[in-house]
Amino acid sequence: MASTDLSSILSASKDLTKHLLNSKPPDLPSVNLSLEQIEAQSRRLVSKHDSSGDVNRANYLLAQASVDGSALSQSIAHLNASTTFSSSSLQPLQDTDVSSFLRHSHEQNLISTIEHGRKETQDSFYRMLEDRTARDWEEKKKRLFEQLGASVPVASSLTTSTTSLAASTMGMSSSMMKKQVPVSAPLSLQMHSKMLAYDRTVVALNSARLGGTSYPIIHALTDAANDNNQIAFMFTVLVKITQEPSSLPPLEHASAHILNSPVFERKYAKAYLASPAPALSLRKQIATGARQALEEQYLSIIQRTVHSHPSEAQLGGDPSTANLVRAFCAVRFYRQGEWLSGLELVKGSPVWAQVFFLVRIGEVSEAFQVLMRFKDAVDAREPGFIDAFRIWAESSERSLPRLIRDQLAGVYNAHMLQAQTTDPFKLALYKLIARLDVGRRSIPNVTTTTEDWLWMQFAMVDESSGDENDDSSLASLTKVLLAYGERHFEPATGSVGQKSGFWASVLLMCGQFERAVASLWDHDSGGSLQVEAVHLAVALAYHGLLRVSSKAEGSDVNILTLSPSATGTQPIPSLALHTLIWRYIRQFVKMDAKEGLQYVYILPLSADQPSPPGVGHEQLEAAWELVRRIIVMANGGPMWEELVGGVKGDGTRFPGVLPTHLPLLRLSPSHDSYPSTQSLSSSSSLRPTSLQTFDYKSQILLPTASSLLSNDRLPDAIKLYDLAGEYDTVVGCLAQALGNLVASGGTTLSFGAGGGTAWSAAGDQQDRAKELEKTAREILTVYERLGRGTGLGASGSSSGTNAGGKDRDACVKLLKILEAGERGRDGHVERALEILESTSLVPLDVNVASGKEGDVDVMKVTRKAEEFTQQHEALQRCLPVYLVMCMDALSGVASKIKSGVGVHGGEAQKRAAVIILRKKSRALMVYAGLLKYRMSPEVYGYLARGDVEVAL
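Residues numbered from 1 in each chain as written. Predicted model: local features only at pLDDT ≥ 70, side-chain atom pairs only at ≥ 80, totals over all residues. Heavy atoms only, no water.

Naming follows an unreviewed UniProt entry, where the protein appears as Nuclear pore protein of Lentinula detonsa. According to UniProt, the comment filed for the protein under the heading Sequence similarities (unreviewed entry) is "Belongs to the nucleoporin interacting component (NIC) family." (UniProt positions renumbered as here; feature names shortened; annotations may be inferred.)

Residue alternation in strand β3 (residues 560-563) divides its side chains into a buried set, T561 and S563, and an unburied set, L560 and L562. Relative to strand β4 (residues 572-575), β3 is paired through four bridges, and the arrangement is antiparallel. Across the sheet, the residue bridging to T561 is S574, located in β4. (Buried < 20%, exposed > 50% of the residue type's maximum accessible area, 1.4 Å probe, protein only. Helix = DSSP H or I, 4+ residues; strand = E, 2+ residues; numbered from the N terminus. Pairing = 2+ DSSP bridges.)

Here the focus is the packing of helix α24 (residues 513-522) against helix α25 (residues 530-543). Two numbers describe how α24 lies on α25: the axes approach to 7 Å, and their chain directions differ by 160 degrees. By the angle class used here, α24 and α25 are roughly antiparallel. Crossing handedness for the pair α24 and α25: left-handed. The residues of α25 that touch α24, namely those facing F513, A516, V517, L520 and W521, are Q530, E532, A533, V534, L536, A537 and L540. Across the contact of α24 with α25, the residue classes tally to ten nonpolar, one polar and one charged. (Axes fitted to C-alpha atoms, helices over the stretch in contact; angles between N-to-C directions. Parallel < 35°, antiparallel > 145°, perpendicular 65-115°, else oblique. Left-handed = near helix turned anticlockwise from the far one by under 90°. Contact = heavy atoms within 4.5 Å. Nonpolar A, V, L, I, M, F, W, Y, C, P; charged D, E, K, R; others polar.)

This part covers helix α9 (residues 217-224). Most of α9 is tucked away: seven of the eight residues are buried. Those residues of α9 not exposed but buried are I217, I218, H219, A220, L221, T222 and A224. The elements touched by buried residues of α9 are α8 (189-211), α10 (229-242) and α25.

Note on terminology: a disulfide is the covalent bond linking the sulfur atoms of two cysteines. Going through the model one piece at a time under the given rule, you end up with zero disulfides. No disulfide involves C811; its nearest neighbouring cysteine sulfur is the one of C733, lying 9.6 Å away. With a relative accessible area of 0%, C811 lands in the buried category. (Disulfide = S-S within 2.5 Å.)

Attention now moves to unusual backbone geometry. Glycine aside, a negative phi is what most residues show, and trans is what most peptide bonds show. For the bond from S611 to P612, the omega torsion is -5 degrees, close enough to zero to count as cis. Of note, the phi angle at D712 is positive, near 60 degrees, even though the residue is not glycine. Within the element layout of this structure, D712 appears in the loop between α32 (696-710) and α33 (714-723). The backbone of S840 shows a phi angle near 60 degrees, a positive value even though the residue is not glycine. Residue placement: S840 occurs in the loop between α37 (829-838) and α38 (858-867). On the basis of relative accessible area, S840 is assigned to the partly exposed category, the value being 39%.

This part is about α10. Relative to the 20 Å expected for 14 residues at 1.5 Å per residue, α10 spans 20 Å between its end C-alpha atoms, a close match to the ideal helical length. Regarding α10, the residues found buried are Q230, I231, A232, F233, M234, F235, T236, V237, L238, V239, I241 and T242. Against the buried residues of α10 lie α8, α9, α12 (280-308), α23 (502-510), α24 and α25. Between the side-chain oxygen of the N-cap and the backbone nitrogen of Q230 there are 3.2 Å, and the N-cap of α10 in question is N228. Backbone geometry just downstream of α10 places Q243 in the positive-phi region, at approximately 55 degrees. (Expected span 1.5 Å × (residues − 1). Polar contact = N/O pair within 3.5 Å; in protein donor to acceptor, adjacent residues only side chain to side chain.)

Below you can see the structure in the form of structure tokens.
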């Protein structure tokens, strides 16, 4: 069975090649070799072939690619793949092989650590990307809401609803977007009253600037914030830093001449803006002002404490400050007939505590007097301290010579730090006057409150070396406070997380004025302190303590910009002042544009900032842009004219609020714009000679008029062009507007009906036509009387192409077309035809006809058609309209004549009148035919039908 199967398989395999054998040529022999024989023959053939030539050619090609083929061949030949992996790594570990086990465990730990670190890095990256995306989306939503004119607090009790955009999560999970952005409610009465109180201070400031006098702006802002103790303290800090007096002597006083009065405007600009870091004198003044503000605040606390505990204080009749501090110590430390433990008593009195609290409120001389009363006892316990205290108190910078400091440091380190019962106030006095152990910033039982701790830090600031990297410098203290951050100084209070603004006061004490404004504006308090943020920025800009950011550095979302410092120290903060002011005034600028301008006048104060280059001029441009935006946003009418000025019926002008405040914007009045305004000349002394002034006309009037014109507010744009003295432009705008009006009326015509349908118009279009027609007639009447808008210069010479005269002629003709339309709608088609003929736009006079009936003087019509290209562009656009009107007028008059309505005379007169109308209609058709491709086929068809009606 098996042999039979094998035989069948053999025969079947031979049949597979049978067709090859049958099809092969007869001279081709067959090969009957086994596999072994075929292999042997192949090897024999290979051995006969010389492969050295191929190798050489391959090496030659590889050498061109800078590859050494022979060296690589040798390296591959000597490669031993058997040693690639150690045999131990591929073999299982023995139970007794401890070293191999430890090595393997170490390698596995390294691999798992690397993998775990890679996974943590990857997770951290995606988590950071997710958070950054969410934060960017929050900022974009905030920016969008601000552009829509709504405040965007993070949490507010004034509203309970959110918009769909505020609740959106941009396709991410809701856990990523936990904070929603509610739209705040309209301004409350309390907020409105606060804004008005602050607004009066800004108005008074600008009035003083116009008069060339100084104004105590910070004191005025403090009075406006009398209901908020924390904000009042913030302004007090700024008062101490700037040393602004509470009032100025009146100018009527004999010794109060304007040249002798103090100058507040930009007083510190040079010291603050000349370099990335404030000047040394300004740094000292900032630290001293911060300390004095904290001392004044603590004095009020002592007074309230003593007066609220009269029985414990036992103040008596002594009005001295030392007695007040003694009473305060009694209230705080005297219990049940004895002093609290921990105080060192000198003759039964806590002298060290009294001296410290006197120094704490700035009464250093009173503190020295207390020490002198107990001189013998103090010298016995602390020899040399009173003399050191006297030198420290008499020093202008509150410093000691190095020798005395070393003596106090020796006593401090040897006895006080190691003693267990040292009076904490004596320890604080040693530490304070010798500036010891600056790195240890807290003193137990002394710096018990944030204000005490801050006072201790600023009291120990020493700028005598001038080195910002010194541990006792203001810059080092600022770095520490910024590292602590807002959360350490201003925890959230209440259910909505409102803040008091104390962090802004801390930043002011450090000289971080831009950060202080940004903290008030951006913190999560429902926008309740944004009013104070704006007015703090106003005060800082007035005194020259605000660095504004350039366009390249600024952001549309964040008002604070941190630029890297060239010295590698702390980044330099700057503030987008124009963005801050615009976000504030945007909410009321439409209702009261004049008050909004008062805040815009603050921007040019920073025009003297030297760096970055060009930032000063950018502030001027930003102010001008806001002025233009306010004018565009303000509604027209008497209030709008009160803002920019206007023109009376007789052509004389009256100034508005803006032209009288041009010096505040570094602008000068144009030659032909309010040339005799006394208020401008009286305030010209305000302009600094070092700052260039710019033209009011080119910077404000003309760009704003162009913007109004693009917003389809033609009357307001015409008023501004007129105020700018651009009378030809006024006439040109009127021509374009009248042309648009006439052309738009033509698009609503129906060409299917006859006669009167061409005179119909929509009701709103009629109202607009009447208003525009009235304005145009009034302006042209006044300009004709005063000789304006004629296209001639002041000397009477023509200005080039005489565009003004061409525009004026177009206005007159377009007004006639509108008047003809009015007459046509009233049914007075004869009068309408007369008016249209008077425009001389269409050859309708009888001179175009020859002697034969119905013939037309083609030469005259052709010349008239050639003159069409010289017409005003507005008239050319209105060609279909007034041609249709002419044909309708001709058809209407012909219909009346044929029907005998309103026609006097016999048949001959009627026939003659009809012949004249036919000639005019025919001339109109010839004229229209010569102006090819200027009208649609529907217009030509309508004219042809009208011509037929006249001819019948």
